[in-house]
Amino acid sequence: MEEQNEPAQSEPETHGQDAHATTAPHQRRKRYGGKNPRRFEDKYKEHGADAETLAKVLAAGKTPAGTHRPIMVAEILAVLAPKPGDVAADCTLGYGGHARELLAKIVPGGKLLGLDADPVELPKTEARLRALGFDETVFTAHRSNFAGLPQVLAAQNLAGADLILADLGVSSMQIDDPARGFSVKLDGPLDMRMNPQRGQPAAAVLQKIKTEALAELLAAAADEPHAAELATALAGKSFTTTLQLAHAIRAALPRLGREDAELTARRVFQALRIAVNDEFSALETFLRNLPQCLNPGGRVAILTFHSGEDRRVKKSFEANHVNGLYADIAREVRRPTPAEQNANPRSSPAKLRWAVRAKE
Ligand SMILES: C[S@@+](CC[C@H](N)C(=O)[O-])C[C@H]1O[C@@H](n2cnc3c(N)ncnc32)[C@H](O)[C@@H]1O
């Protein structure tokens, strides 16, 4: 795995085991209260990835602990049309679900660069893809923000890529691991950093932010209708854990019913995550760099999960279509089929847009 732009870091300890691991040492069965384990660490059967358990969890519309279900795979393959010999960049490698599908189509002769900001999950995904037989000649892993895609390509002596994919936001491995502090439901440190070795955790961001700035953030990054009230209640306050913040959000708006309160808490968490990881400026830099990173005739597909992301992608694609850098762009967003949304509710907010680089 290669580090881009930043000094190499030691890899922190993580919960759970690789879902595809086959040689885990024998462990005594863990005890937990109730019929089914509720805590991420106790879902040992899912972490151990026996096929029957995985099939049951998937059939229930859930994501097995420590894994991620790739979204709109068929639609993305149709848009990117990968073929043997293509150079591909998966800018949000995550669990490697999309990458695996692309790799299968670009061999022989092709190469995929997998980028991810997350130093916790990236080595595990790299090991999984290696175990599937994708060696360094066809797949390289890069711990890099996708804003640094031009540098990653240059370091590989590549002028550009034929296919580029970005599947924005966080992975299920990140959300479901309480230690990462992304989840509104699971108690953990209020962190939310995709790279826990860089920047400031959400607790520090919230403690330092001014009321007006938080109100602006909640409106811009989550279209939060109660932005001003929530900002008054939360800005400058000290919260250590995710559940402390979730309780404070509910307490700030006691008139809301359970469902509305839950949606509000999710929006606040989303906005904070965007601020903690500087997601909008990374996306804007990525979109600006994209045309120069694509080979003539190259294709890009981007999956977004909220309006702040989709607006930016749409605007950039349209501007570069007008100026001739893109020969064609998606006229409308594509959404997951009802069947996919049903089978994997986490796919529901997804929107797919694509663009094709002009041949010059
Ligand atoms: C939705 S997941 C991708 C899942 C992946 N497509 C799969 O099939 O498993 C998003 C991933 O993008 C990474 N990520 C988000 N923003 C990033 C950025 N600016 N640069 C690099 N990686 C980023 C996250 O760490 C996470 O692993």
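As a reminder, the structure under discussion sits directly above these lines.
Predicted, not measured: the structure shown is a model, and the values here were computed from it.

Chemist: Whenever I open this one, the pattern of salt bridges confuses me. Can you help?
Modeler: Note that side chains of opposite charge can pair when their charged atoms are close. The final tally for this structure, using the stated rule, is 15 salt bridges. Residue Lys124 pairs with Glu121 through a salt bridge whose shortest N-O separation is 3.3 Å. A single burial state applies to Lys124 and to Glu121, both of which are buried. Where salt bridges share partners, they join Glu126, Arg130 and Glu136 into one cluster.

Chemist: Would you take a moment to explain the site of the ligand for this structure?
Modeler: Around the ligand sit 24 residues in total, of which Tyr95, His98, Asp116, Phe146 and Asp167 are the nearest. In the environment of the ligand, a nitrogen atom lies 2.8 Å from a nitrogen or oxygen atom belonging to the side chain of Asp167. Considered on its own, the ligand offers 600 Å² of accessible surface; in the complex 97% of this is hidden by protein. Of the residues contributing to the shell around the ligand, the split by class is 10 nonpolar, 11 polar and three charged.

Chemist: Looking at this model, I keep getting lost on the packing of helix α11 (residues 242-252) against helix α12 (residues 258-276). Mind explaining?
Modeler: Packed helices, taken two at a time, are described by the angle their axes make and the gap between the axes. Orientation of α11 relative to α12, taken along the N-to-C sense of each, is 125°, at an axis distance of 9 Å. As the angle between them shows, α11 and α12 are arranged oblique. Here α11 and α12 pass one another in a crossing that is right-handed. Here α11 contributes Thr242, Leu245, Ala246, Ile249 and Arg250 to the contact with α12, which in turn contributes Ala261, Thr264, Ala265, Val268, Phe269 and Leu272.

Chemist: Looking at this model, I keep getting lost on unusual backbone geometry. Mind explaining?
Modeler: Peptide bonds are mostly trans, and most non-glycine residues show a negative phi. Note the cis peptide between Val107 and Pro108, where omega equals -5°. Looking at the element boundaries, Pro108 is found in the loop between α4 (97-106) and β3 (111-116). Even without being glycine, Ala81 reaches a positive phi, approximately 45°. Positionally, Ala81 belongs in the loop between α3 (73-80) and β2 (87-90). Unusually for a residue other than glycine, Asp278 sits at a positive phi of about 50°. Checked against the element boundaries, Asp278 lands in the loop between α12 and α13 (279-293).

Chemist: I'm lost on the nonpolar core in this one. Help?
Modeler: As a rule of thumb, soluble globular proteins bury nonpolar side chains together. Residues Leu214, Leu234 and Leu245 are the most contacted members of the largest nonpolar core, which totals 40 residues. Looking at this core, the elements that each hand over two or more residues are α8 (202-208), α9 (211-222), α10 (227-234), α11 and α12. A total of eight residues in this core trace back to one element, the largest contributor, which is α12. Both domain 1 (73-172 + 280-357) and domain 2 (196-276) contribute no fewer than three residues apiece to this core. Core analysis: the second largest hydrophobic core is formed by 27 residues, Leu283, Leu290, Leu294 and Ala355 among them.

Thresholds, definitions, all that
- Residues numbered from 1 in each chain as written.
- Predicted model: local features only at pLDDT ≥ 70, side-chain atom pairs only at ≥ 80, totals over all residues.
- Heavy atoms only, no water.
- Salt bridge = Lys/Arg side-chain N within 4 Å of Asp/Glu carboxyl O.
- Buried < 20%, exposed > 50% of the residue type's maximum accessible area, 1.4 Å probe, protein only.
- Near = heavy atom within 4 Å.
- Polar contact = N/O pair within 3.5 Å; in protein donor to acceptor, adjacent residues only side chain to side chain.
- Areas by Shrake-Rupley, 256 points an atom, 1.4 Å probe, with all protein chains shown as cover.
- Nonpolar A, V, L, I, M, F, W, Y, C, P; charged D, E, K, R; others polar.
- Axes fitted to C-alpha atoms, helices over the stretch in contact; angles between N-to-C directions.
- Helix = DSSP H or I, 4+ residues; strand = E, 2+ residues; numbered from the N terminus.
- Parallel < 35°, antiparallel > 145°, perpendicular 65-115°, else oblique.
- Left-handed = near helix turned anticlockwise from the far one by under 90°.
- Contact = heavy atoms within 4.5 Å.
- Core = buried A, V, L, I, M, F, W, Y, C linked by side-chain atoms within 4.5 Å.
- Domains from an automatic or database assignment.

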